[in-house]
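Inside the fold
Listed below are the residues making up each chain.
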Amino acid sequence: MKNITASKKIHSINDARNLAKKRMPKLMFDFVDGASGDEKLCEINSIALDQIRLEPKVLRNVENRNLKKKFLDIEFDQPFGFSPMGMCNLTWTGADKMLAEESIVNNLPVCVSMASSTSLEKMYELSEGRSWIQLYNFQESFVMELLQRAEQTGYKVAILTVDVPIQFRRAKDNKNGFTVPFKIGPNQMFDFITHPHWSLSTLLGGIPKPMNYETSKSGNKFVRSESRGATDWKTLKRVRDAWKGKLIIKGVMSPEDALKIKNEGVDAIQVSNHGGRQLDSATAAIEALPLIRNVLGKEFPLLFDSGVRGGSDIIRALALGANYVMLGRPLMYGIGADGEKGLRRILDIIKDELSTALGLVGLTDINDVTSEIIAKKFIENMKY
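The rules behind the values
- Residues numbered from 1 in each chain as written.
- Predicted model: local features only at pLDDT ≥ 70, side-chain atom pairs only at ≥ 80, totals over all residues.
- Heavy atoms only, no water.
- Axes fitted to C-alpha atoms, helices over the stretch in contact; angles between N-to-C directions.
- Helix = DSSP H or I, 4+ residues; strand = E, 2+ residues; numbered from the N terminus.
- Parallel < 35°, antiparallel > 145°, perpendicular 65-115°, else oblique.
- Contact = heavy atoms within 4.5 Å.
- Nonpolar A, V, L, I, M, F, W, Y, C, P; charged D, E, K, R; others polar.
- Expected span 1.5 Å × (residues − 1).
- Buried < 20%, exposed > 50% of the residue type's maximum accessible area, 1.4 Å probe, protein only.
- Patch = residues over 30% accessible without salt bridge, like charges linked within 9 Å, V, L, I, M, F, W, Y side chains within 5 Å.
- Areas by Shrake-Rupley, 256 points an atom, 1.4 Å probe, with all protein chains shown as cover.
- Salt bridge = Lys/Arg side-chain N within 4 Å of Asp/Glu carboxyl O.
- Phe/Tyr/Trp six-rings, centres within 6.5 Å; stacked < 30°, edge-to-face > 60°.
- Lys NZ or Arg CZ within 6 Å of the ring centre and 35° of its normal.
- Disulfide = S-S within 2.5 Å.
- Polar contact = N/O pair within 3.5 Å; in protein donor to acceptor, adjacent residues only side chain to side chain.

We now examine the packing of helix α1 (residues 13-23) against helix α15 (residues 329-360). Orientation of α1 relative to α15, taken along the N-to-C sense of each, is 170°, at an axis distance of 10 Å. Considered as vectors, α1 and α15 are oriented roughly antiparallel to each other. Residue-level contacts link Ile13, Ala16, Arg17, Leu19, Ala20 and Arg23 of α1 to Pro330, Tyr333, Gly334, Ile335, Gly336, Ala337, Asp338, Gly339, Ile346 and Ile350 of α15. A per-class count over the contact of α1 with α15 returns ten nonpolar, three polar and three charged.

The following block contains the structure:
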């Protein structure tokens, strides 16, 4: 693995977002950055997290701090991992490889989307076995094929995403003419011509395709708008019966659903509103997290995503009941801004914020984070 120097262009997550916006075609940046409907929920997720204030504690020896975290009986060096994101190589050519390599450097999980630009077998190889496989359930025979492939490859963890039975309107994608496979008209051509670095890199690296579909034995084709509405509790049972490894259910916002899912024998639940990319009138994901923790009890494993933009947000999520946190857009901002150097810089920023925030609340071990570090329970009276 080559030696990578962190980007010197980036000093914050927002820096990376702004640079990515300039460097990437509008079509691709809006696909990464956009949300559903009026797009307010994406912002609300982050604002809601930011309203949770922590209480600094002083005169405690916090010289040495530990960020190692065990989740699903796997020891990781960080309390966060990489969320499943479809077609990452649209952000920049080789993005999947960059994520896989950083999963090795930081010893954390990288989730491989069903619509990944790289096959599940190749991602497992690139990440040296740190990959988790993610599935949507809308072509059940294909899902079962992927589960079989994952098992044969060596995967131990699968994620079933259940919050996209119907895809909500995404205005920016519609306006920009974002489709898979691509349909290039005059607007898209102008967009690509005015972003030559991205365009040349993509041509040289190969136009991204959903490779789990491309390598399917049954010839399944990726149709982004295809309905997944037939997914139900019976579907969950069939997936649970078919997959002998650890099973995570992603996209849960209802305490009632969470309790029922737990009783179906899954291993973990991921509290998420899809980063604001689904029901635009849903509540902030961080509001659902403590409610779900309360009904499931202290021991059941919970992951969290949606709105996380830095190390302090990770601390907040852990304090409100998450055992592990997943990152999405900040990773893509870093890659879009400055490739592998940008991704390295984003991760350095997040890890530094994490370690610093941990020390400033008077703790030395990430595993000791509880709701006791919250200065005031803003969760009940959030104002967006």
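The structure having been displayed, the exposition proceeds.
Another point: α15. Given a rise of 1.5 Å per residue, 32 residues ought to cover 46 Å, yet the end C-alpha atoms of α15 are separated by just 26 Å, more than 12% below that figure. Taking burial as the measure, the 32 residues of α15 include 23 buried ones, the bulk of the element. One or two positions beyond α15, positive phi appears at Gly362, with a value near 90°.

We now examine a nonpolar patch on the surface. Side chains of Ile184, Met189 and Ile193 sit close together on the surface and give an oily, nonpolar patch of about 300 Å² of accessible area. Examined against the element boundaries, Met189 turns out to sit in helix α8 (residues 186-193). The partly exposed category is assigned to Met189, whose relative accessible area is 41%.

A few words now on the packing of aromatic side chains. Here the structure, examined in full by the defined rule, presents nine aromatic pairs. When the centroid spacing of 5.5 Å and the interplanar angle of 25° are considered together, the rings of Phe71 and Tyr324 count as stacked. Of this pair, Phe71 sits in strand β1 (residues 69-71) while Tyr324 sits in strand β10 (residues 324-327), and the two are 253 residues apart along the sequence. We note that Phe71, like Tyr324, is buried. One aromatic cluster is present, built from ring pairs that chain together Phe71, Phe76, Trp132 and Tyr324. The positively charged end of Arg23 is found above the aromatic ring belonging to Trp92, 3.6 Å away from the centroid. Cation over ring: Arg277 sits above Phe31, and NZ or CZ is 5.5 Å from the ring centre.

What follows covers the state of the cysteines. Disulfides are covalent bonds that connect the sulfur atoms of two cysteines. Applying the stated rule across the entire model yields zero disulfides. Summary of cysteine pairing: Cys42 is not part of a disulfide, and the nearest cysteine sulfur, belonging to Cys88, is at 16 Å. For Cys42, a relative accessible area of 13% gives the class buried.

Bringing the environment of Glu55 into the picture now. Its place among the elements puts Glu55 in the loop between α3 (40-50) and β1. Each C-alpha atom of the pair Glu55 and Ile373 lies 5.6 Å from the other, and the pair is 318 residues apart in sequence. Apart from the residues lying within four places of it in its own chain, the contact partners of Glu55 are Val361, Ile373, Ile374 and Ala375.

In contact at an axis separation of 8 Å, helix α2 (residues 26-33) and α8 are set at 95° when each is read in the N-to-C sense. Considering their axes alone, α2 and α8 lie roughly perpendicular with respect to each other. On α8, the residues touching Lys26, Leu27 and Met28 of α2 are Gln188, Asp191 and Phe192. Looking at side-chain class alone, the contact of α2 with α8 contains three nonpolar, one polar and two charged residues.

Phi is mostly negative for residues that are not glycine, and the peptide bonds are mostly trans. Residue Glu39 is not a glycine yet carries a positive backbone phi of 70°. Within the element layout of this structure, Glu39 appears in the loop between α2 and α3. Overall, the relative accessible area of 22% leaves Glu39 in the partly exposed class.

This brings us to the environment of Asn107. Summarising the element assignment, Asn107 is placed in the loop between α4 (95-105) and β4 (110-112). Owing to a relative accessible area of 18%, Asn107 belongs among the buried residues under this scheme. Once the C-alpha coordinates of Asn107 and Arg130 are considered, the two residues, 23 residues apart in sequence, prove to be 7.7 Å apart. What Asn107 contacts, discounting residues up to four positions off in sequence, is Glu75, Phe76, Asp77, Gln78, Glu102 and Arg130. A polar contact is formed between the side chain of Asn107 and the backbone oxygen of Glu75, at a distance of 3.3 Å.

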